[in-house]
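What follows is the residue order along each chain.
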Amino acid sequence: MNNHQKIRKITITAILAALLTILAFLPIRVSALEITLTVIPIAVGIILCGTSTGIILGSLFGVISFLQCLGYSPFGAVLLSINPWLTLLVCLPTRILVGLIPSLIHKMLVKKNKNLAQILVCVLVPVLNTLFFMTMLCVCFYNTDYIQNFVNVLGAANPFTFVILFVGINGLVEIICGVFVSYPISKALEIVTNK
């Protein structure tokens, strides 16, 4: 990697990190959870800059998610009051994996089929975000009174049903954003930044 490519990568990563930070504080609130648009800069960063940027942006997303539990996110604040360490597990490693796993898949597939690799990243980032977050939430907090109240209100018979009912709309909107926002943005930026 020459100096021009390093500067390009650092610049794109910094701009996407700033955008991710702004988007993290502009969620679309639906019931107790929020629809997050932070998946957009993560997917774009992976496509344009690769694994290290994916990990950086995923880590930043996780740190911001945990910091929001200090009072910005009512849902997160309750989780933090129940158990801070488990809340950290729900927020940080899950989001790091959201940046890492799609990056590795992109790296494996990009030389075989670039467009497929990019679309897959745009789908995987929101899908894995929802999957990992909700899995850790259920592992760490499912048996708490707080989550059981949601289970009872939703009429969920088991953790799987709870997850589907609790985040069905959120996950769907995030996937749609991934495909119809992240992919076109990454394609346009790829053209512009490679000049």
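In what follows, the structure referred to is the one given above.
Anyway, here's the lowdown on the structure attached to this text. All residue numbers refer to positions counted from 1 along the written sequence of the respective chain. In view of the model being predicted, local features appear only for residues whose pLDDT reaches at least 70, and side-chain atom pairs are presented and counted only at 80 or more, with totals across whole chains, interfaces and linings using the full set of residues. The basis for every side-chain value is the complete set of heavy atoms in the structure, and neither hydrogens nor water enter the calculation.

1. Section: the layout of surface pockets
Here is step 1 of the chain: In this structure, the largest pocket occupies an estimated 430 Å³ of space.
Here is step 2 of the chain: When grouped by side-chain class, the residues that make up the lining of the largest pocket number 6 nonpolar, 9 polar and 6 charged.
Here is step 3 of the chain: Method remark: on a 1 Å grid restricted to protein atoms, a set of points is classed as a cavity if a 1.4 Å probe fits but cannot get out and as a pocket if it is open with protein on both sides within 12 Å along at least five of seven lines; lining residues have an atom within 4 Å of a point. Grid points are joined across faces, edges and corners, and a volume is the space filled by probe spheres set on the points. When its volume is computed, the second largest pocket comes out at roughly 200 Å³.
Here is step 4 of the chain: Lining the second largest pocket we find 13 residues, and of these Thr130, Leu131, Val163, Ile164 and Val167 sit closest to its centre.
Here is step 5 of the chain: The secondary structure listing takes helices from DSSP runs of H or I that are at least 4 residues long and strands from runs of E that are at least 2 residues long, numbered from the N terminus. Broken down by secondary-structure element, the contributors of at least two residues to the lining of the second largest pocket are helix H6 (114-141) and helix H8 (159-193).
Here is step 6 of the chain: If you tally residues by element for the lining of the second largest pocket, the top one is H8, at 7 residues.
Here is step 7 of the chain: Of the residues belonging to the lining of the second largest pocket, the class tally is 9 nonpolar, 4 polar and no charged. Nonpolar residues are Ala, Val, Leu, Ile, Met, Phe, Trp, Tyr, Cys and Pro. Charged residues are Asp, Glu, Lys and Arg, and all others, Gly as well, are polar.

2. Some points on a nonpolar patch on the surface
Here is step 1 of the chain: On the surface, a nonpolar cluster with roughly 290 Å² of combined accessible area is contributed by Val63, Leu67 and Leu70.
Here is step 2 of the chain: Within the secondary structure layout, valine 63 lies in helix H3 (residues 51-68).
Here is step 3 of the chain: The buried label goes to any residue with under 20% of its type's maximum accessible area, the exposed label to any with over 50%, and the partly exposed label to all in between, with areas taken from a 1.4 Å probe on protein chains only. A residue is classified by how much of its surface remains accessible, and valine 63, at 40% relative accessible area, is partly exposed. In this scheme, patches are assembled from residues that exceed 30% relative accessible area and form no salt bridge. Like charges are connected within 9 Å, while nonpolar side chains (Val, Leu, Ile, Met, Phe, Trp, Tyr) are connected within 5 Å. Calculation of accessible area relied on Shrake-Rupley with a 1.4 Å probe; when residues are assessed, cover is drawn exclusively from the protein chains displayed. One speaks of a salt bridge when a side-chain nitrogen belonging to Lys or Arg is within 4 Å of a carboxyl oxygen belonging to Asp or Glu.

3. A short note on the side chain of asparagine 129
Here is step 1 of the chain: Positionally, asparagine 129 belongs in helix H6.
Here is step 2 of the chain: Exposure remark for asparagine 129: the relative accessible area of 4% places this residue in the buried category.
Here is step 3 of the chain: Counted as a polar contact is a pair of N or O atoms within 3.5 Å, where, for protein atoms, one must be capable of donating a hydrogen and the other of accepting one, and residues adjacent in sequence contribute only when both atoms are in side chains. For asparagine 129, the side chain forms a polar contact with the side chain of arginine 95, separated by 2.7 Å.
Here is step 4 of the chain: Beyond its immediate stretch of four places on either side in the chain, asparagine 129 contacts Thr36, Val39, Phe61, Arg95, Val98, Leu124 and Glu174. It only takes one pair of heavy atoms within 4.5 Å for two residues to be counted as in contact.

4. Looking at H3
Here is step 1 of the chain: Its 18 residues place the ends of H3 25 Å apart at the C-alpha level, agreeing with the 26 Å of an ideal helix rising 1.5 Å per residue.
Here is step 2 of the chain: Buried residues of H3: Thr51, Thr53, Gly54, Leu57, Gly58, Phe61, Gly62, Ile64, Ser65 and Gln68, and no others. Down the axis, H3 shows its buried residues gathered within 170° of arc, on one side only.
Here is step 3 of the chain: Of the surrounding elements, those touching the buried residues of H3 are helix H1 (3-24), helix H2 (39-49), helix H5 (84-109) and H6. One less than the residue count of a helix, multiplied by 1.5 Å, gives the span that helix is expected to have. When we speak of the arc, we mean the arc of directions from the helix axis to the C-beta atoms.

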